[in-house]
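Letter by letter, the chains look like this.
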Amino acid sequence: MGGKHSFPRVSLSSDRVVLITGGNQGIGYHTAKWVAMMGAKVIIACRSEEKATEAIKRMNTEFLEEKSRGMEGIADIEELDVSFMKLDNASLKSVMTLVEEFKATGLKLHTLICNAGIGVHKQEYTEDGNEYLFQVNYLSHFLLTAHLLPIMKTSGPDCRVILVSSIAHRIVSFRLDEIQGKQFDEGTFDGLTFYNRSKLYQIMQMFSMNRRLADTNVTVTSLHPGVVETGLLNTFSGGFSGAGLRLLRCVGGSKTSFEGSWTTINAAVNPKLDGVRDVYFADSKSSTVSRQSRNKRDQKKLWTFTLECLKEYLAEDIIKDLEGNYTEAS
Ligand SMILES: NC(=O)c1ccc[n+]([C@@H]2O[C@H](COP(=O)([O-])OP(=O)(O)OC[C@H]3O[C@@H](n4cnc5c(N)ncnc54)[C@H](OP(=O)(O)O)[C@@H]3O)[C@@H](O)[C@H]2O)c1
């Protein structure tokens, strides 16, 4: 439901670097705008430069309007520090290009928000041969995180990876043999299940990565933003989920895209969350994940499968950094 919890207005240093995927619209847009309005340097990683440029322009216009209205909790700056880097999650090469571009800036990285996503999608495979939802929502973010973690580990205290997941993770089971969905055809492929599973993988990733990041300055959290009126939500308008959605809208249970950004903003900026890991937020409060997502045997299967899918892009030093001192026994 559209709970009125909002988020703390904090002052962020202009040296604090936040990278958010899919910041050009929906939840990501408001997250990027507000984190920048609090003073941080924000990079929106988007697949369309045109849309990103337009979004940055709009963010600045809205910022100046807020400023002239005397909005509390926004930085005393002339212009937002928001820039664009190209990223198409449907291409692992594109992820690597962004990684190289980011490294070339020499910037630190304090917060990585894995927000980009697609909703219910037909059966389709990326240029890398992966099922679309699996790659766009989960796998490419995993690759991005793996390559940016070494930078985050040397960026000072309180670095955060935030995975924008969904409550939908709760209603699906993990099936290793169905990740790529090749046994299905147009008639039997269920895009809704594949979306829900992509969100389950993110929660499983949170637990697996945190085990490896224990005792480091980097934490991973995840969240459900709510049922939010964005383009993505409209992909759920068919079948059983569509009926539920219509009912929810009738009782005013969905959030605006601004309200939908609050839980992500809170996870990114709330100083009380320094050092907090393994938490899944809903309405900015710690919430319950599914038992399935906590299953360590399945987490291990997903981890191994993920590394196998990414083997061309994960050199030995990156794997070594990713695994840290973690062993099965630890
Ligand atoms: N809306 C909800 O009710 C809801 C509920 C639970 C979880 N979520 C999660 O919230 C996150 C944000 O979704 P939203 O609701 O804000 O949807 P949205 O308005 O449709 O925004 C999705 C963003 O992801 C980007 N994106 C899509 N495919 C991409 C790709 N291949 N490479 C790079 N970027 C890509 C989009 O870019 P383009 O503009 O170029 O398409 C857009 O910026 C998603 O992870 C979603 O699963 C949403």
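Our structure's up above, just so we're on the same page.
I will try to describe carefully the structure that is included in this document. (Residues numbered from 1 in each chain as written. Predicted model: local features only at pLDDT ≥ 70, side-chain atom pairs only at ≥ 80, totals over all residues. Heavy atoms only, no water.)

**A short note on the side chain of asparagine 60**
Right, so step 1: Turning to its location among the elements, asparagine 60 is positioned in helix H2 (residues 49-68).
Right, so step 2: For asparagine 60, a relative accessible area of 13% gives the class buried.
Right, so step 3: Other than its neighbours up to four places away in sequence, asparagine 60 contacts Glu79 and Leu80. (Helix = DSSP H or I, 4+ residues; strand = E, 2+ residues; numbered from the N terminus. Buried < 20%, exposed > 50% of the residue type's maximum accessible area, 1.4 Å probe, protein only. Contact = heavy atoms within 4.5 Å.)

**Concerning the pattern of salt bridges**
Right, so step 1: This structure, assessed with the given rule, holds 16 salt bridges.
Right, so step 2: Linking arginine 249 and glutamate 229 is a salt bridge whose minimum nitrogen-to-oxygen distance equals 2.8 Å. Of the two residues, arginine 249 is situated in helix H6 (residues 239-250) and glutamate 229 in the loop between strand E6 (218-224) and H6; the sequence distance between them amounts to 20 residues.
Right, so step 3: Under the relative-accessibility criterion, arginine 249 is labelled partly exposed at 33%.
Right, so step 4: When its relative accessible area of 31% is taken as the criterion, glutamate 229 is described as partly exposed. (Salt bridge = Lys/Arg side-chain N within 4 Å of Asp/Glu carboxyl O.)

**Side note on the site of the ligand**
Right, so step 1: Around the ligand sit 29 residues, and of these Asn24, Asn115, Tyr195, Val228 and Thr230 come closest.
Right, so step 2: At a separation of 2.7 Å, an oxygen atom of the ligand approaches a polar side-chain atom of asparagine 24.
Right, so step 3: Bound to the protein, the ligand loses 95% of the 890 Å² it would expose on its own.
Right, so step 4: Among the secondary structure elements, those contributing two or more residues to the shell around the ligand are helix H1 (26-37) and helix H5 (191-213).
Right, so step 5: Taken together, the residues of the shell around the ligand break down into 13 nonpolar, 12 polar and four charged. (Near = heavy atom within 4 Å. Polar contact = N/O pair within 3.5 Å; in protein donor to acceptor, adjacent residues only side chain to side chain. Areas by Shrake-Rupley, 256 points an atom, 1.4 Å probe, with all protein chains shown as cover. Nonpolar A, V, L, I, M, F, W, Y, C, P; charged D, E, K, R; others polar.)

**With respect to the sheet that holds strand E8 (residues 285-287)**
Right, so step 1: With mixed pairing, the eight strands of this open sheet are ordered in space as E3-E2-E1-E4-E5-E6-E7-E8. If you trace the sheet from one side to the other, it starts and ends with strand E3 (82-86) and E8, each paired once. Taking the axes of each pair of neighbouring strands and ignoring which way they run, one obtains an average angle of 25° across the sheet.
Right, so step 2: Pairing of strand E5 (residues 159-164) with E6, which is carried by six bridges, proceeds in the parallel orientation. What sits directly across from leucine 163, in E6, is serine 222.
Right, so step 3: Of the strands in this sheet, strand E4 (111-114), E5, E6 and strand E7 (280-282) touch helix H8 (residues 262-269), which is tilted by about 165° from E5. (Pairing = 2+ DSSP bridges. Axes fitted to C-alpha atoms, helices over the stretch in contact; angles between N-to-C directions.)

**Quick word on the side chain of glutamate 323**
Right, so step 1: Among the structural elements, glutamate 323 can be located in helix H11 (residues 316-323).
Right, so step 2: A distance of 2.9 Å separates a polar atom in the side chain of glutamate 323 from a polar atom in the side chain of tryptophan 303.
Right, so step 3: Among residues more than four places away in sequence, those in contact with glutamate 323 are Arg212, Trp303 and Leu307.

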